[in-house]
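Chain by chain, the residues run as shown.
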Amino acid sequence: MAKLFIVGTPIGNMNDMTLRAIDTLRAVDVVACEDTRHSLPLLAKYDVHAKLIAYHKFNEQEASDKIIALIAEGKNVAIITDAGMPSISDPGAEVIAKCREQGVETELVPGPTAFASAITLSGIKAQGFTFLGFLPEKTADKKALISKVKDTGLPIVLYCAPHDLGKTAKFLFEELGDRNVHVVRELTKMHECVEDTTLADFHAEERGEIVLIIDASSAENPLLSLSVEEHLRHYLSLGYDQKSAVKAVASDRALPKNDVYQVAINMQPTSPTSPTSLD
């Protein structure tokens, strides 16, 4: 039975194409591209000769129906975007949702994603994050979106065009106050880099594809103003056992549990009841 293949493509370096993605694109009858002109060099590099059709944000409804009709005719269709995974701040969600609603089989062929790659490269220590994609165009919509996530205690990750970088940083400073920012540019390309700065004194090169990672505000948890030992004693005073207190402090401060555990065992002599494992 024919199906829709959701295929991830490189976010910069063409050599990041997976073997499975290559095999899939060579095997399908049709490839739906966000921009056929942009995708042609990649497809030519990997000897893909399927028929190409356009699938982008301006024709999603019509193109989705066309893709489902092609699959009903017995044709296998792959959907790709200019870079990364379809539907992640790119077209794709519409046709995927319609296929699921109508019982059309889908298969995922994963590839790189810019926000996940940026988080890895930045080295931030966090138990999670809030991903916003590109901010809305209208200021009121931007403010409404940021207000929902500003106090989660998690880093905020978003995409930004280079020409919007300065005004986006200014807007974020007005809405969030001063925070540390990691500006990740040109992922997997020759000039890949991470620039560390702050919203109050923002400086970063306005070039290339950009991922912004804005640290959570430490002011959201007053316990973070304490030392690690004081933080531990706070949880112990609430009735936590040592192991639970260690886990809670590690989570609050985004620290490795073993680092907190070392502080805990130095607070009192080791005893047979002290935890020996943090799993």
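J.: I'd love a proper account of the pattern of salt bridges, names of residues and values included.
T.: Side-chain pairs of opposite charge can arise where the charged atoms are in close proximity. The full count for this structure, using the stated rule, is 13 salt bridges. Residue Glu-94 is joined to Lys-98 by a salt bridge in which the shortest nitrogen-to-oxygen separation is 4.0 Å. Taken together, the positions of Glu-94 and Lys-98, both in helix α4 (residues 93-101) and four residues apart, correspond to about one turn of that helix. Relative accessible area serves as the criterion here: at 25%, Glu-94 is assigned to the partly exposed category. According to the relative accessible area criterion, Lys-98 is buried, its value standing at 11%.

J.: Provide a residue-level description of the sheet that holds strand β3 (residues 51-54), including the pertinent values.
T.: The strands making up a sheet are joined through hydrogen bonds of the backbone, oriented either antiparallel or parallel. Strand order in the open sheet formed by five strands is β3-β2-β4-β1-β5, with parallel pairing between adjacent strands. This sheet does not close on itself; its edge strands, each paired only once, are β3 and β5 (106-109). Strand-to-strand, the axes of this sheet are offset by a mean angle of 25°, without reference to chain direction. Sheet topology note: the strand β2 (residues 30-33)/β3 ladder contains four bridges and is parallel. For Cys-33, the partnering residue across the bridge sits in β3 and is Ala-54. Running at roughly 150° to β3, helix α2 (residues 36-45) makes contact with β2, β3 and β4 (77-80) of the sheet.

J.: Give me the nonpolar core: which residues, what numbers.
T.: Residues Leu-4, Tyr-55, Ile-67, Ile-71, Val-77, Ile-79 and Val-95 are the most contacted members of the largest nonpolar core, which totals 19 residues. Those elements that provide at least two residues to this core are β1 (4-7), β2, α3 (60-72), β4 and α4. If one sorts the elements of this core by residue count, α3 sits on top with five residues. With near-sequence residues (within four places) excluded, Ile-71 lies in contact with Ala-2, Lys-3, Leu-4, Val-77 and Val-104. Counting residues in each nonpolar core, the second largest holds 18 residues, with Leu-135, Leu-158, Phe-171 and Leu-176 among its members.

J.: So what's going on with the environment of Tyr-159? Which residues, and what values?
T.: Mapping Tyr-159 onto the fold places it in strand β7 (residues 156-160). Each C-alpha atom, one on Tyr-159 and one on Leu-172, is 13 Å from the other, the two residues being 13 residues apart in sequence. Other than its neighbours up to four places away in sequence, Tyr-159 contacts Ile-88, Ser-89, Thr-113, Ala-114, Phe-115, Phe-131, Gly-133, Phe-134, Leu-135, Ile-210 and Val-211. Within the structure, Tyr-159 has its side chain in polar contact with the backbone nitrogen of Phe-115 (distance 3.1 Å).

J.: Let's hear about the sheet that holds strand β10 (residues 210-214): which residues, and what values?
T.: Spatially, β6-β7-β10-β8-β9 is the arrangement adopted by the five strands of the open sheet, whose pairing is mixed. Each of the sheet's edge strands pairs with one partner strand only, and the pair in question is β6 (130-134) and β9 (193-198). Each adjacent strand pair in this sheet contributes to an overall mean axis angle of 20°, direction not counted. In terms of strand pairing, strand β8 (residues 180-185) meets β9 through six bridges, oriented antiparallel. When the bridges of β9 are listed, Val-183 appears paired with Glu-195. Across the face of the sheet, helix α7 (residues 165-176) comes into contact with β7 and β10 while running at roughly 15° to β10.

J.: Hey, could you go over the packing of aromatic side chains for me, with residue numbers and the actual values?
T.: For the coordinates displayed, the defined rule picks out five aromatic pairs. Ring centres of Phe-134 and Tyr-159 lie 5.5 Å apart, and the angle between their planes is 65°; on these two criteria the pair is classed as edge-to-face. Pair noted here: Phe-134 is in strand β6 and Tyr-159 is in strand β7, with a separation of 25 residues, a long-range link. Counting every residue linked through ring pairs, the aromatic cluster contains Phe-115, Phe-129, Phe-131, Phe-134 and Tyr-159. Against the face of Phe-171 rests Lys-142, its NZ or CZ located 5.3 Å from the ring centre.

Rules used throughout
Residues numbered from 1 in each chain as written. Predicted model: local features only at pLDDT ≥ 70, side-chain atom pairs only at ≥ 80, totals over all residues. Heavy atoms only, no water. Salt bridge = Lys/Arg side-chain N within 4 Å of Asp/Glu carboxyl O. Helix = DSSP H or I, 4+ residues; strand = E, 2+ residues; numbered from the N terminus. Buried < 20%, exposed > 50% of the residue type's maximum accessible area, 1.4 Å probe, protein only. Pairing = 2+ DSSP bridges. Axes fitted to C-alpha atoms, helices over the stretch in contact; angles between N-to-C directions. Contact = heavy atoms within 4.5 Å. Core = buried A, V, L, I, M, F, W, Y, C linked by side-chain atoms within 4.5 Å. Polar contact = N/O pair within 3.5 Å; in protein donor to acceptor, adjacent residues only side chain to side chain. Phe/Tyr/Trp six-rings, centres within 6.5 Å; stacked < 30°, edge-to-face > 60°. Lys NZ or Arg CZ within 6 Å of the ring centre and 35° of its normal.

All we've got here are geometric facts, nothing functional implied.
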